[in-house]
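Each chain is listed here by its residues.
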Amino acid sequence: VNTMGSAPANLPLRITSHAELGAVDPQGVVQIRGQTAPGAAVRVRVDAIPPAGGQRTGVARTLVSEIIAADGQGNFSFSFDPRDVRMPGMRYEVTVGAGNGHQSAESRVVLVQRG
């Protein structure tokens, strides 16, 4: 019996709009796009983390935490507004997780506010 190819493949999941340590414009809404399996449920979360150091004046905040669905081609998108927590050096940890039946995957990217 040939079982090659019968094992479930890993669920594809990637953030396509931003690279690791990509810059965030603090003046407008940030649109995050990605791709996974068609129709998969996607958990999205964005945490704003103030820069470390003696000038730390804020605490980490969750800006987005929700479940969205990928479309028929597997595309998904969501946005967040950094103007609520504007601070030079602010980091935004973007975490997406997808689930489809018994398969799941997670992807993460850290964005940094410039200026």
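No experiment lies behind these values; they were computed from the predicted model shown. (Residues numbered from 1 in each chain as written. Predicted model: local features only at pLDDT ≥ 70, side-chain atom pairs only at ≥ 80, totals over all residues. Heavy atoms only, no water.)

1. Observations concerning the overall build of the protein
Next up, step 1: What the protein contains, in helices and strands, is 0 helices and 8 strands.
Next up, step 2: Counting from the amino terminus, helix and strand elements in the protein follow one another as β-β-β-β-β-β-β-β.
Next up, step 3: Of the roughly 6800 Å² of accessible surface on the protein, 48% is carried by carbon and sulfur atoms. (Helix = DSSP H or I, 4+ residues; strand = E, 2+ residues; numbered from the N terminus. Areas by Shrake-Rupley, 256 points an atom, 1.4 Å probe, with all protein chains shown as cover.)

2. Structural notes on the pattern of salt bridges
Next up, step 1: Within this structure, the stated rule accounts for 4 salt bridges.
Next up, step 2: Arg83 is paired through a salt bridge with Asp81; the nearest N and O atoms lie 2.9 Å apart.
Next up, step 3: Its relative accessible area of 38% is what places Arg83 among the partly exposed residues.
Next up, step 4: For Arg91, the salt bridge goes to Glu93, with nearest N and O atoms at 2.7 Å.
Next up, step 5: Residue classification places Arg91 among the partly exposed residues on the basis of a relative accessible area of 33%.
Next up, step 6: Beyond isolated ion pairs, a larger network of salt bridges with shared partners links Arg91, Glu93 and Arg108. (Salt bridge = Lys/Arg side-chain N within 4 Å of Asp/Glu carboxyl O. Buried < 20%, exposed > 50% of the residue type's maximum accessible area, 1.4 Å probe, protein only.)

3. A short note on the confidence of the model for the protein
Next up, step 1: Across the protein, pLDDT averages 86, with 86% of residues at or above 70.
Next up, step 2: Confidence scores differ between elements of the protein, with strand 2 (residues 22–24) showing the lowest mean pLDDT of 91 and strand 6 (residues 75–80) the highest of 97.
Next up, step 3: Scored below 50 in pLDDT, residues 1–8 makes 1 contact in the model with residues more than four places away or belonging to other chains. (pLDDT = per-residue confidence, 0-100. Contact = heavy atoms within 4.5 Å.)

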